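Descriptive structure summary
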Amino acid sequence: MFPVRGSFAIRSGGVDIAEPLGDSGVRAEIDAASFGRRGLSYRMLAAMRAAVGRQGLDALVAPVRPTAEHLRPRLPMAEYLREVRHDGLPADPWLRVHVRAGGTMVKAAAASMTVSGTSAEWRRWTGLPFDRDGEIEVPAALVPVHCDTRHDGVSYVEPHVWVRHPLAA
């Protein structure tokens with residue numbers, strides 16, 4: 001986790017809020033092959049929440065990357081978020097961890113992260129040809145990658161989900 005505090009302003013109704021209202025975990029990752037199924041995701045999230053609480057803030061706001069959305073990269077994120085299991089919890093495992101821990105899915109962030117490069121760079125990174133214009137599905141990507149051969153540009157704009165965890169003051 002890389003806590004972000006006070007490095008950006010929150011705009012609400014045209015008023016800048018200078019005082020930090022919450023903290024954000026930018027990235028948390030567990031190697032599932034080595035450490036999966038041990039409850040580490042719950043422990044990691046609890047540690048993030050505790051760290052934010054110790055700062056006296058009232059919320060942890062996390063840009064969450066759903067772990068299973070890449071299996072259906074053409075499904076819009078907002079639609080994916082509506083998918084629930086029989087018990088009413090999110091179908092996505094990582095979102096389910098957040099909701100079980102008291103988090104609320106606030107909304108989809110359509111453009112949370114952008115990765116741009118040349119066709120050659122993307123070929124090197126992925127092993128795919130990137131030799132045609134349009135949307136190209138890349139393994140593990142949440143959405144298709146856009147390829148523009150005329151301008152030798154490839155861009156990936158990844159969505160995430162804003163999840164807010166209220167904390168006891």
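Each value, and the rule that gives it
- Residues numbered from 1 in each chain as written.
- Predicted model: local features only at pLDDT ≥ 70, side-chain atom pairs only at ≥ 80, totals over all residues.
- Heavy atoms only, no water.
- Pairing = 2+ DSSP bridges.
- Helix = DSSP H or I, 4+ residues; strand = E, 2+ residues; numbered from the N terminus.
- Buried < 20%, exposed > 50% of the residue type's maximum accessible area, 1.4 Å probe, protein only.
- Polar contact = N/O pair within 3.5 Å; in protein donor to acceptor, adjacent residues only side chain to side chain.
- pLDDT = per-residue confidence, 0-100.
- Contact = heavy atoms within 4.5 Å.
- Core = buried A, V, L, I, M, F, W, Y, C linked by side-chain atoms within 4.5 Å.

1. A word on the pairing of strand E9 (residues 153-166)
Of the pairings in the sheet, the one linking strand E5 (residues 59-64) to E9 comprises 6 bridges and is antiparallel in character. Across the sheet, Val64 pairs through a bridge with Val161, a residue of E9. Across 10 bridges, strand E6 (residues 104-117) lies against E9 in antiparallel orientation. Paired with Ala108 across the strands is Val161, a residue of E9. Bridging between strand E8 (residues 145-148) and E9 involves 3 bridges; their strand directions are antiparallel. Directly across from Asp148, in E9, lies its bridge partner Gly153. Between E8 and E9, which pair antiparallel and follow one another directly, the connecting turn spans 4 residues, one of which, Asp152, has a positive phi of 50°.

2. Let's talk about the side chain of Glu158
Within the fold, Glu158 resides in strand E9. By relative accessible area, Glu158 is classed as buried at 3%. Polar side-chain contacts of Glu158 include one of 3.0 Å to the side chain of Arg65. Among the polar contacts listed, one links the side chain of Glu158 to the side chain of His160, at a separation of 2.7 Å.

3. Re the confidence of the model for the protein
Residues with a pLDDT of 70 or more make up 77% of the protein, whose mean pLDDT is 81. Segment residues 1-23: pLDDT under 50, and 35 contacts once partners within four positions in sequence are set aside and those in other chains are kept.

4. A closer look at the nonpolar core
Counting residues in hydrophobic clusters, the biggest one holds 28 residues, and the most contacted among them are Phe130, Val145 and Tyr156. Among the secondary structure elements, those contributing two or more residues to this core are helix H2 (40-54), E5, helix H3 (77-81), helix H4 (93-100), E8 and E9. Among all residues touching Tyr156, those that are not within four sequence positions of it are Arg65, Met113, Thr114, Val115, Trp122, Ala141, Leu142, Val143, Pro144 and Val145.

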